[in-house]
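Listed below, chain by chain, are the residues.
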Amino acid sequence: MLLHMSNGAGKTPLHSVSVAGVVVREDGCVLAIRRADNGTWEPPGGVLELGETIEDGVRREIYEETGIKVGVERLTGVYKNVSRGIVALVLRCRPESEAMRLSEESVEVAWLSPAEVSERMAEVYAVRVLDGLRGDAAPSVRAHDGRHLL
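In what follows, the accompanying structure is described. (Residues numbered from 1 in each chain as written. Predicted model: local features only at pLDDT ≥ 70, side-chain atom pairs only at ≥ 80, totals over all residues. Heavy atoms only, no water.)

### As for the pairing of strand S2 (residues 14-23)
The element S2 is extensively covered by neighbouring structure, given that nine of its 10 residues are classed as buried. In this structure, S2 lies alongside strand S5 (residues 45-47), joined through three bridges in antiparallel fashion. Residue pairing across strands places serine 18 opposite valine 47, the latter belonging to S5. (Buried < 20%, exposed > 50% of the residue type's maximum accessible area, 1.4 Å probe, protein only. Helix = DSSP H or I, 4+ residues; strand = E, 2+ residues; numbered from the N terminus. Pairing = 2+ DSSP bridges.)

Shown next, in the form of structure tokens:
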């Protein structure tokens with residue numbers, strides 16, 4: 001989905017909107033994928049389709065990449081990659097099925113502890129998961145350059 005925003009100077013920058021799920025099991029472990037295209041560990045997610053609700057988009061992306069059906073609980077964060085113009089909406093979810101599978105987008109699917117999330121994921125993805133594990137209901141709002149928080 002692309003959003004048009006006028007910056008007052010006549011230019012119309014485009015932003016891509018993505019969704020990701022922090023899927024938390026009862027034992028506190030979090031669902032993660034290792035991406036096929038770059039080998040990085042991330043929470044499952046992807047680009048929100050035009051005409052799709054945010055909740056439907058995160059359910060679809062998680063199912064496509066992992067085979068797990070989820071229930072959406074709440075928004076836990078909004079993250080902007082200022083270098084690429086991507087706004088990511090991250091939602092905490094609970095698993096409603098157990099059977100995992102790989103996809104064209106994921107070469108590995110695993111349940112990671114919070115410590116493993118910090119070890120395996122780049123800072124900009126680990127913070128999304130750790131924000132999603134916080135008990136408070138206030139979503140985080142953060143910006144990054146694609147590698148590091150700003």
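### So, the side chain of serine 18
The residue serine 18 is located in strand S2 in this model. Classification of serine 18 as buried rests on a relative accessible area of 13%. Once residues within four sequence positions are removed from consideration, serine 18 is found in contact with Gly46, Val47, Leu48, Ile86, Val87, Ala88 and Leu89. (Contact = heavy atoms within 4.5 Å.)

### Points about the sheet that holds strand S3 (residues 30-35)
Strands sit in the order S4-S3-S8 across an open sheet of three strands; the sheet is antiparallel. Each end of this open sheet is capped by a strand with a single partner; those strands are strand S4 (41-42) and strand S8 (106-112).

### Looking at the state of the cysteines
In this structure the tally under the stated criterion is zero disulfides. Left unpaired, cysteine 29 is separated from the closest cysteine sulfur, that of cysteine 93, by 16 Å. Judged by relative accessible area, which is 1%, cysteine 93 ranks as buried. (Disulfide = S-S within 2.5 Å.)

### A few points about the nonpolar core
Ranked by internal contacts, the top residues of the largest apolar core, which has 18 residues, are Val23, Leu31, Val58, Ile62, Val70, Cys93 and Trp111. Looking at this core, the element that brings in the most residues is strand S7 (residues 86-95), giving four residues. Membership of the second largest hydrophobic core comes to 16 residues, among which are Ala20, Tyr79, Val90 and Leu112. (Core = buried A, V, L, I, M, F, W, Y, C linked by side-chain atoms within 4.5 Å.)

### Digging into the pattern of salt bridges
Using the criterion set out here, one finds 15 salt bridges in the structure. The closest approach of N and O atoms between aspartate 27 and arginine 25, which form a salt bridge, is 2.8 Å. The partly exposed category is assigned to arginine 25, whose relative accessible area is 28%. For arginine 35, the salt bridge identified is with aspartate 37, shortest N-O distance 2.4 Å. Arginine 35 sits in the partly exposed class, given a relative accessible area of 25%. Looking at aspartate 37, the relative accessible area reads 58%, which means it is exposed. Here the salt bridges share partners, and the residues they tie into one network are Glu49, Glu52, Arg60, Glu61 and Glu64. (Salt bridge = Lys/Arg side-chain N within 4 Å of Asp/Glu carboxyl O.)

### A look at the packing of aromatic side chains
What the rule picks out here adds up to zero aromatic pairs. Sitting over the face of the ring of tyrosine 63, arginine 101 holds its NZ or CZ atom 5.0 Å from the ring centroid. Residue placement shows arginine 120 over the ring face of tryptophan 41; its charged tip is 5.2 Å from the ring centre. (Phe/Tyr/Trp six-rings, centres within 6.5 Å; stacked < 30°, edge-to-face > 60°. Lys NZ or Arg CZ within 6 Å of the ring centre and 35° of its normal.)

The values reported here are purely geometric and, on their own, carry no functional implication.
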